[in-house]
Amino acid sequence: LQTDTDVVVLTTGVLVLITMLPMIPQSGKQYLHDFFGIFGRLSAWCLQNSGHVAETYLVHLHASVYALFHRLYGMYPCNFVSFLRSHYSMKENLETFEEVVKPMMEHVRIHPELVTGSKDHELDPRR
């Protein structure tokens, strides 16, 4: 997912990741920044390769990236919002934010952990 360019492989990989994340919440924490990086890469990939890939494949990839957004936001809201802030505050990522990520954010409610939790509390094994 970090380097592949085949849209079918990417879509399948994201769907597997989405399925596995709730099963390995503690084990997956060491790879959290990798998961966030995958989200950032695929969000940009959807925008940059829209003219080079069949529309059907792009719709499926976009839907799977949207599902990944929901999974990461649901499981690690403080850490994910922190990643979004730092990643999309860079000028080169602004278009991806406006075209791909911002519409995703417009369809979620504020997560209670953003108010009552913290990045460290989110990663606490007792949670």
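Predicted, not measured: the structure shown is a model, and the values here were computed from it. (Residues numbered from 1 in each chain as written. Predicted model: local features only at pLDDT ≥ 70, side-chain atom pairs only at ≥ 80, totals over all residues. Heavy atoms only, no water.)

Undergrad: For this particular structure, what's the right way to read the side chain of Glu122?
TA: For Glu122, the position within the fold is in helix H7 (residues 119-122). Looking at Glu122, its side chain comes within polar contact range of the main-chain nitrogen of Cys78, at 2.6 Å. Those residues within four positions of Glu122 in sequence are excluded, and the remaining contacts are Lys29, Met75, Tyr76, Pro77, Cys78, Asn79 and Arg127. (Helix = DSSP H or I, 4+ residues; strand = E, 2+ residues; numbered from the N terminus. Polar contact = N/O pair within 3.5 Å; in protein donor to acceptor, adjacent residues only side chain to side chain. Contact = heavy atoms within 4.5 Å.)

Undergrad: What is the right way to read a nonpolar patch on the surface from this model?
TA: Residues Val16, Met20, Met23 and Ile24 make up a contiguous nonpolar surface patch of about 360 Å² in total accessible area. Structurally, the position occupied by Val16 is in helix H1 (residues 7-20). Take Val16: its relative accessible area is 46%, and that puts it in the partly exposed class. (Patch = residues over 30% accessible without salt bridge, like charges linked within 9 Å, V, L, I, M, F, W, Y side chains within 5 Å. Areas by Shrake-Rupley, 256 points an atom, 1.4 Å probe, with all protein chains shown as cover. Salt bridge = Lys/Arg side-chain N within 4 Å of Asp/Glu carboxyl O. Buried < 20%, exposed > 50% of the residue type's maximum accessible area, 1.4 Å probe, protein only.)

Undergrad: Where do I start with the side chain of His111 in this structure?
TA: Examined against the element boundaries, His111 turns out to sit in the loop between helix H5 (94-105) and helix H6 (113-116). On the basis of relative accessible area, His111 is assigned to the buried category, the value being 16%. Sequence-distant contacts of His111, that is, excluding residues within four places in its chain, are made with Tyr73, Gly74 and Pro77.

Undergrad: What is the right way to read the pattern of salt bridges from this model?
TA: Where side chains of opposite charge bring their charged atoms close, a pairing between them can arise. Summed over all chains, the structure comprises one salt bridge. Lys102 serves as the salt-bridge partner of Glu98, at 3.8 Å between the closest nitrogen and oxygen. Taken as a pair, Glu98 and Lys102 lie in helix H5 at a separation of four residues, close to a single helical turn. Note on Lys102: relative accessible area 33%, which makes it partly exposed.

Undergrad: Would you take a moment to explain the packing of helix H3 (residues 55-75) against helix H4 (residues 77-88) for this structure?
TA: Each pair of packed helices gets described by two things: the angle between the helix axes and the distance between those axes. One way to put it is that H3 packs onto H4 with a least axis distance of 5 Å and a crossing angle of 120 degrees. For the element pair H3 / H4, the angle class is oblique. In this structure, H3 uses Phe69, Leu72, Tyr73, Gly74 and Met75 to contact H4, whose residues at the interface are Pro77, Phe80, Val81 and Leu84. Considered class by class, the residues forming the contact of H3 with H4 number eight nonpolar, one polar and no charged. (Axes fitted to C-alpha atoms, helices over the stretch in contact; angles between N-to-C directions. Parallel < 35°, antiparallel > 145°, perpendicular 65-115°, else oblique. Nonpolar A, V, L, I, M, F, W, Y, C, P; charged D, E, K, R; others polar.)

Undergrad: Help me understand the UniProt feature "transmembrane region" (unreviewed entry) in the chain, please; the structure alone is not making it clear to me.
TA: When the UniProt feature table is mapped to this numbering, "transmembrane region" (unreviewed entry) covers residues 6-24. Helix makes up 74% of residues 6-24 and strand 0%, with an end-to-end C-alpha separation of 26 Å. (UniProt positions renumbered as here; feature names shortened; annotations may be inferred.)

Undergrad: Explain H5 to me, please; I cannot follow it from the model alone.
TA: Owing to its 3.6 residues per turn, the α-helix aligns residues three or four sequence positions apart on the same side. In a regular helix each residue adds 1.5 Å, so 12 residues correspond to 16 Å; H5 covers only 14 Å between its end C-alpha atoms and thus falls short of that length. For H5, every residue scored as buried is listed here: Thr96, Phe97, Val100, Val101 and Met104. Angular distribution of buried residues about the axis of H5 spans 125 degrees; they occupy a single face of the element. Exposed side of H5, more than 90 degrees from the buried face: Glu95 and Glu99 are the residues found there. Taken together, the buried residues of H5 touch helix H2 (32-48), H3 and H4. (Expected span 1.5 Å × (residues − 1). Arc of directions from axis to C-beta.)

Undergrad: I keep staring at the packing of aromatic side chains and nothing clicks. Help me out?
TA: By convention here, two paired aromatic rings are described through the distance between centres and the angle between planes. Evaluation of the coordinates by the stated rule reveals nine aromatic pairs. Ring centres of Phe69 and Phe80 lie 5.6 Å apart, and the angle between their planes is 65 degrees; this geometry places the pair in the edge-to-face category. Of this pair, Phe69 sits in helix H3 while Phe80 sits in helix H4, and the two are 11 residues apart along the sequence. Take Phe69 and Phe80: they sit in the same class, and that class is buried. Each ring, one from Tyr88 and one from Phe97, has its centre 5.8 Å from the other, and the planes form 40 degrees; the classification is tilted. With respect to class, Tyr88 is no different from Phe97; both count as buried. Ring pairs connect the aromatic residues Phe36, Phe39, Phe69, Tyr73, Phe80 and Phe83, which therefore count as one cluster. (Phe/Tyr/Trp six-rings, centres within 6.5 Å; stacked < 30°, edge-to-face > 60°.)

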